[in-house]
Amino acid sequence: MDKDISIFKVAGIKNNIFKYLYEIFKFYKSNVYDIVYLNECTAEFFVYVFPILFNKKTKLIIHSHNGSGKNLFLHKFLCFFQNVRVDSKYACSDVAADWMFGKSEDVKIIQNAVNLEEYKYNEQRRAHIRKSLNIGDDVTVVGSIARFDIQKNHKKIIDVFNEYIFIFSLYFSDDNISTFLLEQFKQSTSTKSSYVFL
């Protein structure tokens, strides 16, 4: 690990909220930063930096990566405080900007990037994957590779698949199409994949 990087641990907020509050205030009192950069899917993440509400010297940058969440009440409650305090607002889309900052004019949109070199077409990789999944060369494959989370909107993906299959079946045999959803996830010791054929 880089010797210029420090890792600090505090008590888990769900395990002991009072110990967490004590340790998080102590952390920000002992460690004063010029900038705190917070990637958020929901304003609930603000609990990890809220002591800087009382330190106006630290610049707070918030980068929103989501357009919805499970606990709307807590999100809106914490949005009020963080949006009073935030110095710079970023989001990956207009939807993510509205979710985190409301109809704010001063949000910079930075769309998520994809490494094109990593995902460009590769004939050998295509043949290997098709063989491992027992898919013939004459089969059209329509798929989605994304984690199985609400943000990835698998219901919409399945609706699009069904429409594609319907149109495809008007001209070709149903046996010539394969549809699947693929998820890859990391555990502490390995990377695993799961997939669903539809």
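Going by the structure above, here's the rest.
Keep in mind that this is a model prediction, so the values were computed, not measured. The numbering scheme is per chain: residues are counted from 1 as the chain's sequence reads. For this predicted model, a pLDDT threshold of at least 70 governs which residues receive local features, and a threshold of 80 or more governs which side-chain atom pairs are given and counted, while totals over whole chains, interfaces and linings are taken from all residues. Only hydrogens and water are set aside when side-chain values are computed; all heavy atoms of the structure are taken into account.

1. Considering the overall build of the protein
- For helices the rule is a DSSP run of H or I covering at least 4 residues; for strands it is a run of E covering at least 2, with both sets numbered from the N terminus onward. Across its full length, the protein carries 6 helices and 7 strands.
- Within the protein, the proportion of its 198 residues that are buried is 29%.
- Counting only contacts in the protein whose residues sit at least 6 apart along the sequence, the fraction spanning at least 24 positions is 54%.
- Computed with the Shrake-Rupley method and a 1.4 Å probe, the accessible areas treat only the protein chains shown as cover for residues. Entry remark: accessible area of the protein is about 14,800 Å², with carbon and sulfur atoms responsible for 56%. Think of it in three bands: residues with accessible area under 20% of the maximum for their type are buried, residues over 50% are exposed, and the middle band is partly exposed, with areas taken using a 1.4 Å probe on protein chains only. The contact criterion used is simple: two residues touch if any of their non-hydrogen atoms lie within 4.5 Å.

2. Description of a nonpolar patch on the surface
- There is a patch of nonpolar side chains on the surface, built from Ile17, Phe18, Leu21, Phe25 and Phe54 and spanning about 540 Å² of accessible area.
- The topology assignment puts Phe18 in helix H1 (residues 17-30). Here a patch means residues that are over 30% exposed by relative accessible area and free of salt bridges, tied together within 9 Å if like-charged and within 5 Å if nonpolar (Val, Leu, Ile, Met, Phe, Trp, Tyr). Salt bridges are counted wherever a side-chain nitrogen of Lys or Arg sits within 4 Å of a carboxyl oxygen of Asp or Glu.

3. Focus on the environment of Thr179
- The topology assignment puts Thr179 in strand E6 (residues 177-186).
- Sequence separation of Thr179 and Asn162 is 17 residues, and the distance between their C-alpha atoms is 9.2 Å.

4. Things to note about the sheet that holds strand E4 (residues 107-109)
- Two strands are said to pair when DSSP picks up at least two bridges between them. Read across the open sheet, the 4 strands follow the order E1-E2-E3-E4; overall the sheet is parallel. Both edges of this open sheet fall to strand E1 (35-40) and E4, since each of them pairs with a single strand only. Direction aside, the axes of adjacent strands within the sheet are offset by 20 degrees on average.
- For E1 and strand E2 (residues 59-64), the ladder comprises 6 bridges, and the chain directions are parallel. Its bridge partner lying in E2, Asn39 is registered against His63. Under this scheme, a helix contributes an axis fitted over its contacting stretch, all axes are lines through C-alpha atoms, and angles between N-to-C directions fall in the 0 to 180 degree range.

5. Comments concerning the packing of aromatic side chains
- Aromatic pairing here means that ring centres of Phe, Tyr or Trp (its six-membered ring) are within 6.5 Å. Orientation follows from the plane angle: under 30 degrees is stacked, over 60 is edge-to-face, and everything else is tilted. The full count for this structure, using the stated rule, is 10 aromatic pairs.
- On the numbers, 5.2 Å between centres and 85 degrees between planes, the contact of Phe25 with Phe50 is edge-to-face. With a gap of 25 residues between them, Phe25 in helix H1 and Phe50 in the loop between E1 and E2 connect regions that are remote in the sequence.
- Among the residues examined, Phe25 registers a relative accessible area of 35% and is labelled partly exposed.
- The exposure class assigned to Phe50 is buried, which follows from its relative accessible area of 17%.
- Here Phe45 and Tyr48 contribute two aromatic rings whose centre-to-centre distance is 6.4 Å and whose plane-to-plane angle is 90 degrees, an arrangement assigned as edge-to-face.
- On the basis of relative accessibility, which here comes to 42%, the residue Tyr48 falls in the partly exposed class.

6. Description of the nonpolar core
- The term nonpolar core refers to a set of buried residues drawn from Ala, Val, Leu, Ile, Met, Phe, Trp, Tyr and Cys, joined through side-chain atoms within 4.5 Å. Grouped together as the largest cluster of nonpolar side chains are 25 residues, with contacts concentrated most on Tyr28, Val36, Phe46, Val49, Leu60, Ile62 and Met100.
- Counting residues per element, the ones that place at least two in this core are H1, E1, E2, helix H2 (72-85) and helix H3 (94-101).
- Within the second largest apolar cluster, 6 residues are counted, among which are Val142, Phe161, Phe168 and Ile177.

7. With respect to the pattern of salt bridges
- In the structure shown here, the tally under the stated rule is 7 salt bridges.
- Across the salt bridge formed by Asp98 and Lys103, the nearest N and O atoms sit 3.1 Å from each other.
- By relative accessible area, which is 34% here, Asp98 ends up partly exposed.
- Lys103 sits in the exposed class, given a relative accessible area of 73%.
- Among the ionic pairs, Asp159 bridges to Lys155, the shortest N-O distance being 3.4 Å. Here Lys155 and Asp159 lie together in helix H6 (residues 154-171), a separation of 4 residues that amounts to about one turn.
- Taken together, the shared-partner salt bridges in this structure form one network comprising Glu123, Arg126 and Asp137.

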